[in-house]
Amino acid sequence: NSLANDLNVELSQEESWQVYLQSSEVQEVREQLIEKYLSLGRSQEYAEVEIDKFLNDPERSRKFLEMRKYVKSQKDASMGFENFFLYGSAFFFGLLGDMIFKYIQSIQ
(Lines give C-alpha, C1' and ligand atoms only; values in the text may rest on other atoms or scores of the structure.)
Protein backbone atom coordinates (compact mmCIF):
# COMPACT_ATOMS: atom_id res chain seq x y z
CA ASN A 1 0.00 0.00 0.00
CA SER A 2 2.86 2.37 0.85
CA LEU A 3 4.52 1.56 -2.48
CA ALA A 4 1.27 2.34 -4.31
CA ASN A 5 1.02 5.70 -2.52
CA ASP A 6 4.63 6.51 -3.39
CA LEU A 7 4.00 5.64 -7.03
CA ASN A 8 0.87 7.79 -7.09
CA VAL A 9 2.72 10.75 -5.58
CA GLU A 10 5.58 10.30 -8.06
CA LEU A 11 3.14 9.99 -10.95
CA SER A 12 1.21 13.10 -9.90
CA GLN A 13 4.48 15.06 -9.64
CA GLU A 14 5.42 13.89 -13.13
CA GLU A 15 1.99 14.85 -14.43
CA SER A 16 2.15 18.29 -12.82
CA TRP A 17 5.63 18.81 -14.30
CA GLN A 18 4.31 17.93 -17.77
CA VAL A 19 1.44 20.38 -17.32
CA TYR A 20 3.91 23.07 -16.21
CA LEU A 21 6.04 22.43 -19.30
CA GLN A 22 3.03 23.27 -21.46
CA SER A 23 2.54 26.66 -19.80
CA SER A 24 3.11 29.78 -21.87
CA GLU A 25 5.94 30.81 -19.54
CA VAL A 26 7.94 27.64 -20.19
CA GLN A 27 7.11 27.69 -23.90
CA GLU A 28 8.52 31.23 -24.08
CA VAL A 29 11.73 30.05 -22.39
CA ARG A 30 11.84 27.06 -24.76
CA GLU A 31 11.63 29.34 -27.80
CA GLN A 32 14.39 31.60 -26.43
CA LEU A 33 16.68 28.62 -25.79
CA ILE A 34 16.03 27.26 -29.28
CA GLU A 35 16.89 30.68 -30.72
CA LYS A 36 20.19 30.59 -28.81
CA TYR A 37 21.02 27.19 -30.29
CA LEU A 38 20.13 28.44 -33.77
CA SER A 39 22.32 31.52 -33.31
CA LEU A 40 25.20 29.17 -32.49
CA GLY A 41 24.72 27.46 -35.85
CA ARG A 42 22.82 24.37 -34.72
CA SER A 43 19.94 22.92 -36.73
CA GLN A 44 16.31 23.44 -35.69
CA GLU A 45 15.82 19.71 -35.06
CA TYR A 46 18.96 19.41 -32.94
CA ALA A 47 17.98 22.47 -30.90
CA GLU A 48 14.46 21.21 -30.27
CA VAL A 49 15.63 17.72 -29.25
CA GLU A 50 18.27 19.08 -26.85
CA ILE A 51 15.99 21.69 -25.29
CA ASP A 52 13.12 19.23 -24.90
CA LYS A 53 15.49 16.71 -23.29
CA PHE A 54 16.67 19.42 -20.88
CA LEU A 55 13.18 20.67 -20.01
CA ASN A 56 11.72 17.18 -19.57
CA ASP A 57 14.31 16.39 -16.89
CA PRO A 58 13.08 18.20 -13.75
CA GLU A 59 16.37 17.62 -11.93
CA ARG A 60 18.25 19.51 -14.64
CA SER A 61 15.79 22.22 -15.55
CA ARG A 62 13.86 23.07 -12.38
CA LYS A 63 16.50 25.43 -10.93
CA PHE A 64 17.01 27.10 -14.31
CA LEU A 65 13.28 27.72 -14.75
CA GLU A 66 12.95 28.98 -11.17
CA MET A 67 15.83 31.39 -11.75
CA ARG A 68 14.25 32.67 -14.97
CA LYS A 69 10.92 33.12 -13.18
CA TYR A 70 12.62 35.05 -10.36
CA VAL A 71 14.53 37.31 -12.76
CA LYS A 72 11.37 38.03 -14.71
CA SER A 73 9.44 38.85 -11.54
CA GLN A 74 12.18 41.24 -10.46
CA LYS A 75 12.21 42.90 -13.86
CA ASP A 76 8.42 43.25 -13.80
CA ALA A 77 8.48 44.62 -10.26
CA SER A 78 10.90 47.41 -11.16
CA MET A 79 8.77 49.36 -13.57
CA GLY A 80 11.37 52.05 -14.16
CA PHE A 81 10.79 53.94 -10.92
CA GLU A 82 14.37 53.25 -9.86
CA ASN A 83 15.72 54.69 -13.12
CA PHE A 84 13.51 57.77 -12.82
CA PHE A 85 14.68 58.30 -9.25
CA LEU A 86 18.33 57.76 -10.19
CA TYR A 87 18.26 60.21 -13.11
CA GLY A 88 16.20 62.73 -11.16
CA SER A 89 18.65 62.60 -8.25
CA ALA A 90 21.64 62.98 -10.55
CA PHE A 91 20.03 65.99 -12.23
CA PHE A 92 19.15 67.57 -8.89
CA PHE A 93 22.63 67.12 -7.40
CA GLY A 94 24.25 68.31 -10.61
CA LEU A 95 22.10 71.43 -10.61
CA LEU A 96 22.77 72.00 -6.90
CA GLY A 97 26.53 71.59 -7.45
CA ASP A 98 26.45 74.04 -10.35
CA MET A 99 24.55 76.61 -8.26
CA ILE A 100 27.03 76.25 -5.38
CA PHE A 101 29.98 76.59 -7.77
CA LYS A 102 28.48 79.76 -9.32
CA TYR A 103 27.72 81.20 -5.88
CA ILE A 104 31.31 80.63 -4.74
CA GLN A 105 32.57 82.23 -7.98
CA SER A 106 30.36 85.32 -7.44
CA ILE A 107 31.63 85.79 -3.86
CA GLN A 108 35.26 85.97 -4.93
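Residues numbered from 1 in each chain as written. Predicted model: local features only at pLDDT ≥ 70, side-chain atom pairs only at ≥ 80, totals over all residues. Heavy atoms only, no water.

(A) The arrangement of helix α3 (residues 44–55) in detail. For α3, built from 12 residues, the straight-helix expectation of 16 Å at 1.5 Å per residue is met to within 8% by its first-to-last C-alpha distance of 16 Å. Those residues of α3 that fall on the buried side of the exposure criterion are A47, I51, F54 and L55. Buried residues of α3, viewed axially, fall in a sector of 90°; they line one side. (Helix = DSSP H or I, 4+ residues; strand = E, 2+ residues; numbered from the N terminus. Expected span 1.5 Å × (residues − 1). Buried < 20%, exposed > 50% of the residue type's maximum accessible area, 1.4 Å probe, protein only. Arc of directions from axis to C-beta.)

(B) Highlighting the confidence of the model for the protein chain. Within the protein chain, residue pLDDT values average 83, and 84% of them lie at 70 or more. The least confident element of the protein chain, judged by mean pLDDT, is helix α1 (residues 2–21) at 68; the most confident is α3 at 94. (pLDDT = per-residue confidence, 0-100.)

(C) How the structure looks around helix α2 (residues 24–39). Between its terminal C-alpha atoms α2 stretches 22 Å, which fits the 22 Å expected from 16 residues at 1.5 Å a residue. Taken as a whole, α2 has its buried residues at V26, V29, R30, L33 and I34. Seen end-on, α2 carries its buried residues on one side only, within an arc spanning 140°. Pointing more than 90 degrees away from the buried face of α2 are the exposed residues S24 and S39. Where α2 terminates, the next one or two residues include G41, which has phi positive at roughly 90°.

(D) Region of interest: the nonpolar core. Counting 11 residues, the largest nonpolar core is built from W17, L21, V26, V29, L33, I34, A47, I51, F54, L55 and L65. When contributions to this core are tallied by element, the ones reaching two or more residues are α1, α2 and α3. The contacts of V26, once residues within four sequence positions are left out, are Y20, L21, L55 and L65. (Core = buried A, V, L, I, M, F, W, Y, C linked by side-chain atoms within 4.5 Å. Contact = heavy atoms within 4.5 Å.)

(E) Up close: a nonpolar patch on the surface. Together, F92, F93, L96, I100, Y103, I104 and I107 give the surface a local cluster of nonpolar side chains, amounting to about 740 Å² of exposed area. Within the fold, Y103 resides in helix α5 (residues 81–107). What makes Y103 exposed here is its relative accessible area of 55%. (Patch = residues over 30% accessible without salt bridge, like charges linked within 9 Å, V, L, I, M, F, W, Y side chains within 5 Å. Areas by Shrake-Rupley, 256 points an atom, 1.4 Å probe, with all protein chains shown as cover. Salt bridge = Lys/Arg side-chain N within 4 Å of Asp/Glu carboxyl O.)

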